[in-house]
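Residue-level structure breakdown
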Amino acid sequence: MFNKILIANRGEIALRIIRTCQEMGIETVAIHSTSDESAMHVRLANQSVCIGPPSPIKSYLNIPAIISAAEITGAEAIHPGYGFLSENYNFAAITKEHGIEFIGPESEHIRMMGNKVEAKKTAKDLGLPILPGSEGKVGGTAQIEKIVGEIGFPIIIKAASGGGGRGMKVVNEGDDLHSIISIAAREAKSFFGDESLYIEKFLPKPRHIEIQILSDGKDNSLFFGERDCSIQRRHQKVIEETPAMGISRDKINELGEKSSKAMKKLGYKGVGTIEYLYENGKFYFIEMNTRIQVEHTITEETYGVDLIREQILIAMGQKLNKKQSNVLQSGHSIQCRILAEDPKTFIPCAGLVENYHPPGGHGIRIDSALYNNYFIPPNYDSLISKLIVSASNRNDCLNILNRALEEYVISGIKTNIPLLIDIINRKEFINGDYDINWLEKNLNG
Ligand code: ADP
């Protein structure tokens, strides 16, 4: 049993973790930069330590300062949240070397899934469906031409060390393959310090469907359904929902079984998300996230599970005693990401929140660290609130969501609430007739 956990994060996810710790009787240590002195996570934690100036590199990514904070306060474990150091395998290893538990998977599994080429190879070896393409990095032009001859256009060229949706290029029939490859290699070198590339078949209209995994690293691995995260802008998710519309339960259960079996085989420990693209009735692995995700909330709401609590229990060495047949979903849940940004230009707008009034009532959950007169510092992610709405069916969910978005008051700064209202009232969204490109094609239209 841990008595004290340090949370190596800020904002809503730090609050989310503190709340579960309080319910479990575990003390919490917040870390913060100088610009986050009056942040809500600092106020709610039992203790707090200032770990550096506003720049993330010097504070929330500063490994020596965070480890020192854990040692000084006697924290027995560190929860990394999402973003920042959550998928840094060195941080996981260093934490353990200092005798502190890392609430997450083994460092080696984080490393393996963080390398795109290795992750794809591992997924294939574990029996997960992958997109046709090169087996690992591609070498000379002859090899590339041979693969393109086998899989056909269109293809997507990706940087082996890429991430964050950068460094990808689509090549269509008739495009100059050779010049695109040399540009991609040059860009990969300058963005990621590694010019190696790999290629795969490009899907023109896929949906993003991901599977939530919970594994104890010993003998049990479960899946908690899927999330449809196809409403995206620049590969950033904007709205997520579960269950996904128009995909049979049999198909989802088959994919979930495959995914959880793969994690059991790997000896994976903790929560994880396996992301797939879905087109023409088929799923294809794209990546695995070895941490809690922003959209874990909708799974919690429909499965009646606290995934942060499960993460902590697994890190304490507990086994998962549940059977897959007892993991049952009920109702529908949708999450909207509320961002501090201009809804038309998408330019982030930090600043003073003069008046804050979140919606309430039946079916509503708000995960946010905002309060009246809070000053949003410009140094961090623009996500300021997650509005999660649940109901017995999707139609009721949309009615509640409309009402809640209209009710939400965040004055003094611009937010994307007008855009969210626009999206959820479009007929394509209402009918579930969209893919990952839909939002960008229909913005401001
Ligand atoms: P990153 O690690 O940079 O986020 P991913 O491989 O996860 O890169 O891909 C990011 C996004 O790019 C995906 O969520 C999807 O929207 C799009 N994408 C990736 N591969 C393909 C593909 N083969 N066909 C169509 N879209 C793709």
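Turning our eyes to something else, we now look at the overall build of the chain. A tally of regular secondary structure across the chain gives 15 helices and 20 strands. Since a compact globule built from 445 residues should have a radius of gyration of about 22 Å, the 22 Å found for the chain is in line with a globular shape. Dimensions of the chain, computed from the C-alpha atoms along their principal axes, are close to 60 × 50 × 45 Å. Taken over 445 residues, the chain has a buried fraction of 56%. Taking the intrachain contacts of the chain between residues at least 6 apart in sequence as the baseline, contacts between residues at least 24 apart amount to 67%. Taken as a whole, the chain presents about 18400 Å² of accessible surface, with 49% of it coming from carbon and sulfur.

With that settled, consider helix α8 (residues 177-192). With 16 residues, α8 ought to run about 22 Å at 1.5 Å a step, and its terminal C-alpha atoms sit 22 Å apart, in line with that. Every buried residue of α8 is listed here: L177, I180, I181, A184, A185 and A188. Buried residues of α8, viewed axially, fall in a sector of 135 degrees; they line one side. Facing away from the buried side of α8, by more than 90 degrees, are the exposed residues R186 and S190. Where α8 terminates, the next one or two residues include G193, which has phi positive at roughly 70 degrees.

Taken together, 19 residues lie near the ligand, and K116, K158, G165, K201 and L203 sit nearest. Between an oxygen atom of the ligand and a side-chain N or O atom of K158, the distance comes to 2.8 Å. L203 is positioned with one of its backbone polar atoms (N or O) 2.9 Å from a nitrogen atom of the ligand. In the complex, the protein chains occlude 93% of the 550 Å² of accessible area that the ligand would expose alone. Taken together, the elements giving at least two residues each to the shell around the ligand come down to β6 (155-159), β8 (197-201) and β13 (282-289). Of the residues that constitute the shell around the ligand, the class distribution is 8 nonpolar, 5 polar and 6 charged. Residues from two domains meet in the shell around the ligand; each of domain 2 (132-201) and domain 3 (207-442) gives at least three.

Attention now goes to the domain arrangement of the chain. One can read the domain layout of the chain as domain 1 (4-103), domain 2 (132-201) and domain 3 (207-442). Averaged C-alpha coordinates put domain 1 and domain 2 at centres separated by 38 Å.

Read from one edge to the other, the open sheet built from 3 strands follows the order β7-β6-β8, with strand pairing classed as antiparallel. Since the sheet does not close on itself, it has two edges, and those belong to β7 (168-171) and β8, each with one partner. Strand-to-strand twist across the sheet, computed as the mean angle between neighbouring axes with direction ignored, equals 25 degrees. Packed onto the sheet, helix α7 (residues 141-151) meets β6 and β8 and runs at close to 15 degrees relative to β8.

Turning our attention to helix α1 (residues 11-24). Since one α-helical turn is 3.6 residues long, residues separated by three or four positions face the same way. An ideal rise of 1.5 Å per residue puts 20 Å on 14 residues; α1 measures up with 21 Å between its terminal C-alpha atoms. For α1, the buried fraction is high: 11 of the 14 residues fall into the buried class. When α1 is considered as a whole, its buried residues turn out to be G11, E12, I13, A14, L15, R16, I17, I18, T20, C21 and M24.

So, on to the packing of α1 against helix α11 (residues 307-315). Look at α1 against α11: their axes get within 9 Å of each other, and the N-to-C directions meet at 65 degrees. As far as their axial angle goes, α11 and α1 are roughly perpendicular. Where α1 crosses over α11, the handedness of that crossing is right-handed. Where α1 approaches α11, its residues R16, I17, T20, C21 and M24 are matched on the opposing element by L307, I308, R309, I312 and L313. When its residues are assigned to classes, the contact of α1 with α11 shows 7 nonpolar, 1 polar and 2 charged.

Here R207 lies in strand β9 (residues 207-216). From its side chain, R207 meets the backbone oxygen of M245 in a polar contact 2.7 Å long. When sequence neighbours within four positions are dropped, the list of residues in contact with R207 reads D228, S230, A244, M245, I247, Y276, L277, Y278, Y434, D435 and I436.

Within the secondary structure, Y374 sits in strand β18 (residues 374-376). Take Y374: its relative accessible area is 9%, and that puts it in the buried class. Considering only alpha carbons, one finds Y374 and G52, 322 residues apart in sequence, at a separation of 20 Å. Apart from the residues lying within four places of it in its own chain, the contact partners of Y374 are R10, D36, A39, G351, L352 and V353.

Take the nonpolar core next. I231, I239, I338, L401, L405, I410 and I423 are the most contacted members of the largest nonpolar core, which has 39 residues in total. Residue assignment for this core shows that the elements contributing at least two residues are β11 (236-242), β14 (332-339), β18, β19 (383-391), α12 (394-407), α13 (417-424) and α15 (438-442). Of all hydrophobic cores here, the second largest spans 33 residues; its members include I7, I26, I103 and A315.

What follows covers the packing of aromatic side chains. A complete count under the given rule lists 12 aromatic pairs for this structure. Look at Y276 and F285: their rings are 6.4 Å apart centre to centre, the planes differ by 80 degrees, and that puts the pair in the edge-to-face class. Relative accessible area serves as the criterion here: at 0%, Y276 is assigned to the buried category. For F285, a relative accessible area of 2% translates into the label buried. Aromatic side chains Y278 and F283 sit 4.6 Å apart centroid to centroid with 40 degrees between the ring planes, which places their arrangement in the tilted category. A relative accessible area of 12% places Y278 in the buried class. Among the aromatic residues, those joined into a cluster by ring pairs are Y276, Y278, F283 and F285.

Conventions we followed
Residues numbered from 1 in each chain as written. Predicted model: local features only at pLDDT ≥ 70, side-chain atom pairs only at ≥ 80, totals over all residues. Heavy atoms only, no water. Helix = DSSP H or I, 4+ residues; strand = E, 2+ residues; numbered from the N terminus. Rg over C-alpha atoms; globule rule 2.2 N^0.38 Å. Buried < 20%, exposed > 50% of the residue type's maximum accessible area, 1.4 Å probe, protein only. Contact = heavy atoms within 4.5 Å. Areas by Shrake-Rupley, 256 points an atom, 1.4 Å probe, with all protein chains shown as cover. Expected span 1.5 Å × (residues − 1). Arc of directions from axis to C-beta. Near = heavy atom within 4 Å. Polar contact = N/O pair within 3.5 Å; in protein donor to acceptor, adjacent residues only side chain to side chain. Nonpolar A, V, L, I, M, F, W, Y, C, P; charged D, E, K, R; others polar. Domains from an automatic or database assignment. Pairing = 2+ DSSP bridges. Axes fitted to C-alpha atoms, helices over the stretch in contact; angles between N-to-C directions. Parallel < 35°, antiparallel > 145°, perpendicular 65-115°, else oblique. Left-handed = near helix turned anticlockwise from the far one by under 90°. Core = buried A, V, L, I, M, F, W, Y, C linked by side-chain atoms within 4.5 Å. Phe/Tyr/Trp six-rings, centres within 6.5 Å; stacked < 30°, edge-to-face > 60°.

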